[in-house]
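Letter by letter, the chains look like this.
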Amino acid sequence: MNDSPGFDIGKRAVGYAAVDDFVQDGMCIGLGTGTTTYWAIERVGQRVAAGERITAVATSEHTASLCRQWNIPLVGLLQHEMPVAIDGADEVAPDWALIKGGGGALFREKAVALVAERFVVVVTPSKLVSVLGAFPLPVEIVPFAEPYVVREISRWHPDVEIVRRGGDMPFVSDNGNWILDCRFGPIDEPRALDVALREIHGVVATGIFESIANVVMVGDENGEVRALPRI
Ligand code: 5RP
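Conventions used here
Residues numbered from 1 in each chain as written. Predicted model: local features only at pLDDT ≥ 70, side-chain atom pairs only at ≥ 80, totals over all residues. Heavy atoms only, no water. Near = heavy atom within 4 Å. Polar contact = N/O pair within 3.5 Å; in protein donor to acceptor, adjacent residues only side chain to side chain. Areas by Shrake-Rupley, 256 points an atom, 1.4 Å probe, with all protein chains shown as cover. 1 Å grid on protein atoms, 1.4 Å probe; cavity = no way out; pocket = protein on both sides within 12 Å on 5 of 7 lines; lining within 4 Å. Sits in = over half its atoms within 2 Å of the grid points. Nonpolar A, V, L, I, M, F, W, Y, C, P; charged D, E, K, R; others polar. Pairing = 2+ DSSP bridges. Helix = DSSP H or I, 4+ residues; strand = E, 2+ residues; numbered from the N terminus. Axes fitted to C-alpha atoms, helices over the stretch in contact; angles between N-to-C directions.

(A) Inspection of the site of the ligand at higher detail. Within the structure, the ligand sits among 16 residues, and Thr35, Thr36, Asp90, Gly101 and Lys127 are positioned closest to it. Here an oxygen atom of the ligand sits 2.9 Å away from a polar atom, N or O, in the side chain of lysine 100. Contacts to the ligand include lysine 127, whose side-chain N or O atom sits 2.6 Å from an oxygen atom. Relative to its unbound accessible area of 380 Å², the ligand is 91% covered by the protein chains. With respect to the detected pockets, the ligand is housed in the largest pocket. A class-by-class count of the residues in the shell around the ligand yields two nonpolar, nine polar and five charged.

Written out as structure tokens, the structure reads:
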């Protein structure tokens, strides 16, 4: 593989462990996007090479490309039952509410996470926070509606800092949309914020994943993996 994100012992350990613990021969699984999920994809690829019949729904074109490199057969959403999906996160709160979308794949990641019977989140300790919000919240928007979305958010939250990802060379999502990275400060009520943002015409999805994770696994710099208890 020449698409490696660089070696990180914790990310590899947790990516591998999620596949070893939750993926069985014959399953259709969801595969997330990012430098931690990269290792889960590698592990699945090794098992496919060894003869297992695992298929995957990819959460991004980048992940689809990695799957092709590993000869992991790709299928569409809801083409098969999906017992498990594995994905990373940018922040994990003690109650397992997440911020995702640092890689810009939040819309498809949420679609896959919602379909999966079990959504397994793989992170390193740096992602664990007491309250969400230090990481700017990615909000996927229809480009045409950007001025309206920015105006509505700013009216409602005058202090929020809103930055279009990519600036004058906007990052374009796999769905043809743009991403606004929004600094709201500490997010005490993630669900309420997600609902309010999605009520703005032009907002496609937010990076808040609340009450979606079923398991959170943490891999540290010693290569040890633990399950994070939900508080
Ligand atoms: C992509 C994501 C990723 O899961 C998130 O950004 C974490 O990535 P990484 O494992 O590289 O830190 O949400 O949209």
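(B) Broad picture of the sheet that holds strand β10 (residues 203–206). The antiparallel open sheet is built from four strands, whose spatial order is β8-β9-β7-β10. Lying at the two open borders of the sheet, with one neighbouring strand each, are β8 (161–164) and β10. The sheet shows a mean angle of 30 degrees between the axes of neighbouring strands, direction not considered. Pairing geometry for β8 and strand β9 (residues 178–183), over four bridges, is antiparallel.

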